[in-house]
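Examination of the molecular architecture
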Amino acid sequence: MSVNNTYNQLEINFNVKSNNMTKSISNKNQKKIKNILTVGGLFAGIGGIELGFKKVGFKISWANEIDKNAAITYRINHKHKLFEKDLKELQTVEVEKIDILTGGFPCQAFSVAGYRKGFEDDRGNVFFEILRFIDDLKPKVLFLENVKNLKSHDNGKTFKTVINELESRGYHLNYKVLNSSQYANVPQNRERIYIVGFRDKEVYNNFEFPKPKKLTKTIKDLLDDKADENFYYNKSKYYAQLKEEMINSDTIYQWRRTYVRENKSKLCPTLTANMGTGGHNVPLIIDKKDIRKLTPRECARFQGYDDSFILSDKLANSALYKQVGNSVTVPVIEAIAKQIKKALNV
Ligand SMILES: C[S@@+](CC[C@H](N)C(=O)[O-])C[C@H]1O[C@@H](n2cnc3c(N)ncnc32)[C@H](O)[C@@H]1O
C-alpha cells in the first residue's frame, strides 16, 4: 500500500469513527433533550416554585397568575409564557401539555367551602380548578404547596378531600411539613406542607423528601447596614414603645398590632403577605442607625431569592412585601425538585 493509500485509509477510518462519535454524542444530546421535563405553574405569584424547578434543570413551559402586580414581577424575572387571568377562565386547551403541574394554591377557599362543597359553590374553590387541569393534562408529577394548617383545617376534612381527590385520579402521594430554616440554609422560620404526587408507582417508590441541611447563615448575613429613611420608625407613634421593648440587635422582632414579639430562636419569623400593610406582622430590626422594618429586598433574601431577582421600583413597597410574603423559600423548592428529578431518573 502506498503512503497515500495508507493515509486515505486512515482518513476514512477516522471519518467513520468521528461520524460514529458525532452520532453517539447527538444521540446522547437528543436523549438529554427528550428527558428535559416540562412544568406548568398554577397560582404562580412571582414564580418561586417555577424558579426552584428551573434551577435543577426542568423547563418551565407556562404559568398562570391573576394578580396584575405579581404578574409585573413575574414577567421581569421569567421568560416563559404567563397567562395573566383568573384560573377559572383559563382553558386547558390554551396551554401546552406538561409533565409536571405545580401550584402553591390559596387555602382560603376551604374556609368557606366544606367537604366537597366547592364543587357546587358559586364562589368556586380553586383547588377544584387544579383538578380540572390534572384531568385534562394528566401530568406525570404533581407538586403542591400550602400552609401547614391545611392538614388540620376543618378537623382534617379539607386535607382528606385534597388527598382523596388526587389519589382517585391515580396519583401516589407523599407529603411532609418542612421548615425553611432546616432545609434551605435560610434563617426563616417557615413551615409549609409540600405534597408530591406521581402517576408511576415505581417513581413514587424512588422518591424521598430532602434531608435536613445545616443552617450556617445568620440573620445578619442577609441584612443591609442601612436602609432608606422611610423604613425607619423614628416618626411612628409607636416609637417610644418600640424603643423600650426592642433591646437585641441580633434578632428580628415582629409587630403584632399592639406589641412587639422577639424571635428567640434567632430566625426571621414567618414572612406573611400582609406584612406591608396595616402594621401587622411587620418584621423589625435594630440596625446601626435605629429601629426599622426589613426592606422588601431583605425579605426576598429570607425567602432565598438572590439579589439578581428583580423587585421593580415601579411597584409600591406594599405590593412587593405581599408578593414576597406570599411566595416560597426558593431553595426548599429546589431541594424537593432535585429529589423529584432523582426519582424520575432524568
Ligand atoms: C400563595 S400565593 C403563591 C405564590 C407563589 N408560589 C410564589 O412563589 O410567588 C397564591 C397566588 O395565587 C393567586 N391566585 C389566587 N386566586 C387565583 C385565581 N383564581 N386565578 C389565578 N391566580 C390566583 C394569587 O394572586 C397569589 O399570587
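Remember, it's a predicted structure, so these values are computed and weren't measured experimentally.

1. Let's talk about the nonpolar core
The tendency in soluble globular proteins is for nonpolar side chains to be buried as a group. Within the largest apolar cluster, 74 residues are counted, with the highest numbers of intra-cluster contacts made by Ile100, Leu142, Val332, Ile333 and Ile336. If one sorts the elements of this core by residue count, helix α12 (residues 330-344) sits on top with eight residues. Summarising the domain contributions, this core has at least three residues from each of domain 2 (37-212 + 331-344) and domain 3 (219-326). The contacts of Val332, once residues within four sequence positions are left out, are Leu178, Ser180, Tyr183 and Ala184.

2. So, the site of the ligand
Contacts to the ligand come from 21 residues, most closely from Phe43, Gly45, Gly48, Ile66 and Gly104. Breaking the shell around the ligand down by element, the ones donating at least two residues are α2 (48-55) and β2 (59-65). For the shell around the ligand, a count of residues per class yields ten nonpolar, seven polar and four charged.

3. Some remarks on the pairing of strand β8 (residues 253-256)
Two elements, β8 and strand β9 (residues 260-262), share three bridges in a ladder whose sense is antiparallel. Residue pairing in the sheet places Gln254 in a bridge with Arg261 of β9. The antiparallel hairpin formed by β8 and β9 contains three residues in its connecting segment, where Arg257 sits at a positive phi of about 70°. Strand direction decides the pairing type here: β8 and strand β10 (residues 280-286), joined by four bridges, are antiparallel. Counted as the bridge partner of Gln254 is Pro283 from β10.

4. Description of the confidence of the model for the protein
On average, residues of the protein carry a pLDDT of 87, and 84% of them reach 70 or more. Note on residues 1-19: pLDDT is under 50 here. Beyond four places in sequence and across chains, it has one contact. Ignoring residues within four places in sequence, the model shows residues 111-124, a span with pLDDT below 50, making 14 contacts including any to other chains.

5. Looking at helix α6 (residues 157-167)
Listed as buried for α6 are Thr158, Phe159, Thr161, Val162 and Leu166. The arc enclosing the buried residues of α6, seen along the axis, measures out at 155°, which places them on a common side. Turned more than 90 degrees away from the buried face of α6 sit Asn164 and Glu167, all of them exposed.

6. What to know about the sheet that holds β10
Spatially, β9-β8-β10-β11 is the arrangement adopted by the four strands of the open sheet, whose pairing is antiparallel. Because the sheet does not close on itself, it has two edges, and the strands there are β9 and β11 (291-293). The sheet shows a mean angle of 35° between the axes of neighbouring strands, taken without regard to direction.

7. Quick word on the packing of α2 against α12
It is at 8 Å that the axes of α2 and α12 come closest, and there the two elements cross at 45°. Classified by the interaxial angle, the pair formed by α2 and α12 is oblique. Of the two possible hands of crossing, α2 and α12 adopt the one that is right-handed. On α12, the residues that touch Gly48, Ile49, Leu51, Gly52, Phe53 and Lys55 of α2 are Val330, Ile333, Glu334 and Ala337.

8. So, unusual backbone geometry
Here Lys138, not a glycine, exhibits a phi torsion of approximately 45°, which is positive. On the secondary structure map, Lys138 appears in the loop between α5 (126-137) and β5 (141-147). Classification of Lys138 as partly exposed rests on a count of 14 C-beta atoms within 10 Å. For Asp154, which is not glycine, the phi torsion reads 50° and is therefore positive.

9. Some thoughts on the sheet that holds strand β7 (residues 191-198)
Pairing within the open sheet is mixed, and its seven strands lie in the order β3-β2-β1-β4-β5-β7-β6. Bordering the open sheet on either side are β3 (81-84) and β6 (172-179), each of which pairs with just one other strand. Averaged over neighbouring strand pairs, the angle between their axes works out to 15° when direction is ignored. In this sheet, β7 lies alongside β6 in antiparallel orientation, the contact comprising eight bridges. The residue bridging Leu178 from the neighbouring strand is Arg192, located in β7.

The rules behind these values
Positions within a chain are numbered from 1, following the residues in the order the chain's sequence is written. Selection of residues for local features in this predicted model requires a pLDDT of at least 70, selection of side-chain atom pairs for listing and counting requires 80 or more, and totals for whole chains, interfaces and linings are taken over all residues. Throughout this description, the term nonpolar core refers to a group of buried Ala, Val, Leu, Ile, Met, Phe, Trp, Tyr and Cys residues whose C-beta atoms join them within 7 Å. In this scheme every C-beta is placed from the backbone, and a residue whose C-beta has 20 or more other C-beta atoms within 10 Å is buried, one with 12 or fewer is exposed, and one in between is partly exposed. Under the scheme used here, helices are H or I runs from DSSP no shorter than 4 residues and strands are E runs no shorter than 2 residues, and both carry numbers assigned from the N terminus. As annotated, the domain borders come from an automatic or database domain assignment. Residue pairs qualify as contacts under a 7 Å threshold applied to their C-beta atoms, which are placed from the backbone. Each residue receives a C-beta atom placed from its backbone. It is near a molecule or strand if this atom lies within 6 Å of it. Each residue receives one of three labels: charged for Asp, Glu, Lys and Arg, nonpolar for Ala, Val, Leu, Ile, Met, Phe, Trp, Tyr, Cys and Pro, and polar for the others, Gly being one of them. For two strands to be treated as a pair, DSSP must find no fewer than two bridges joining them. Scored from 0 to 100, pLDDT records how confident the predictor is in each individual residue. Arc definition: it is the arc formed by the directions from the helix axis to the C-beta atoms. To get an axis, a line is fitted to the C-alpha atoms, and for a helix only the part in contact is used. The angle between two axes follows their N-to-C directions and goes from 0 to 180 degrees. Comment on the angle field: the value is read as roughly parallel under 35 degrees, roughly antiparallel over 145, roughly perpendicular from 65 to 115, and oblique elsewhere. When the near helix sits turned anticlockwise from the far one by under a right angle, the crossing is termed left-handed; a clockwise turn instead gives a right-handed crossing.

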